[in-house]
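Geometric and topological summary
Now for the letters of each chain:
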Amino acid sequence: MANLAKGLRAARGRFITFEGGEGAGKSTQIKLLAERLNASKIPAITTREPGGSPGAEIVRHLLLSGLAKALGAEAESLLFAAARDDHVTTVIKPALEQGKWVLCDRFTDSTRVYQGELGHVDPQLIRAMERVTIGNLKPDLTFILDVPVAVGLKRAIERRGTATADRFEGEGIEFHEKLRNAYLGIAANEPKRCVLIDANADTETVASRIWTALRDHLFSAAIAGDNSKT
Ligand code: TYD
């Protein structure tokens, strides 16, 4: 493990995104994975979208407060893209170039699902915005955390306490069912990049599912890469 960590540190970092509906437990799992990677001497940072950089956090406020809702789904998409552009340029790319692993809470799949599938924004516009904002920076691995809608909403309500629902938490059950199906579709269409994680379990169980999948996907690829050089 120590040699592997050394080899991985020397190279560009890995870019791992976490996706899923409300209350899937992404933020807890990202934190746990970062701790585990750092404990294994693989430097990892956590970040989130929308937001993650000072400029993008301003746009986050505009989007999640619902202030931008009246502009329509297309304009909201452009705001998500503007935030992503800043985040990628100022945080994600520099960290990867320094050899850090970047764990990001939501990324382009969220735009495809929330604005594309649910907001009915033209897929061509979604693709064009991806080209502009991320270029060839595709995640090395995407975990899609899946929970039944009722479970996710219950967790989200508990987490929120007395605070008001944000722009998307406030949508109805049907919205969240469509959201879940859209994510299941992405996982089925891109099995090399995406790993579907059954997140309807306790925190430790989900964390160990994620760690096993990470090892299978990224560490075995790194080992295969190392072997091919010798
Ligand atoms: P957040 O409070 O981070 O929620 P969660 O814990 O569910 O990740 O809110 C982010 C919200 O923004 C979430 O409802 C999904 C939405 N979103 C989009 O609609 N499009 C996007 O491109 C991104 C990144 C997020």
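It should be emphasised that the depicted structure is a prediction, and the values quoted were computed from it without experimental measurement.

The next point concerns the sheet that holds strand β4 (residues 141–146). In spatial order, the strands read β2-β3-β1-β4-β5; together these five strands make up an open sheet with parallel pairing. Whereas interior strands pair on both sides, the edge strands pair on one side only; in this sheet they are β2 (44–48) and β5 (194–198). Across the sheet, the mean angle separating the axes of adjacent strands is 20 degrees when strand polarity is ignored. For β2 and strand β3 (residues 101–105), the ladder comprises five bridges, and the chain directions are parallel. Across the sheet, Thr 46 pairs through a bridge with Leu 103, a residue of β3.

Applying the stated criterion across every chain yields a total of three aromatic pairs. Centre to centre, the rings of Phe 18 and Phe 143 are 5.3 Å apart; their planes meet at 50 degrees, and the pair counts as tilted. With Phe 18 in strand β1 (residues 15–20) and Phe 143 in strand β4, this residue pair connects regions lying 125 residues apart in the sequence. The two residues Phe 18 and Phe 143 agree in class, both being buried. A cation sits over an aromatic face here: Arg 84 above Phe 107, 5.2 Å from the ring centre.

Cut-off values and rules
- Residues numbered from 1 in each chain as written.
- Predicted model: local features only at pLDDT ≥ 70, side-chain atom pairs only at ≥ 80, totals over all residues.
- Heavy atoms only, no water.
- Pairing = 2+ DSSP bridges.
- Helix = DSSP H or I, 4+ residues; strand = E, 2+ residues; numbered from the N terminus.
- Axes fitted to C-alpha atoms, helices over the stretch in contact; angles between N-to-C directions.
- Phe/Tyr/Trp six-rings, centres within 6.5 Å; stacked < 30°, edge-to-face > 60°.
- Buried < 20%, exposed > 50% of the residue type's maximum accessible area, 1.4 Å probe, protein only.
- Lys NZ or Arg CZ within 6 Å of the ring centre and 35° of its normal.

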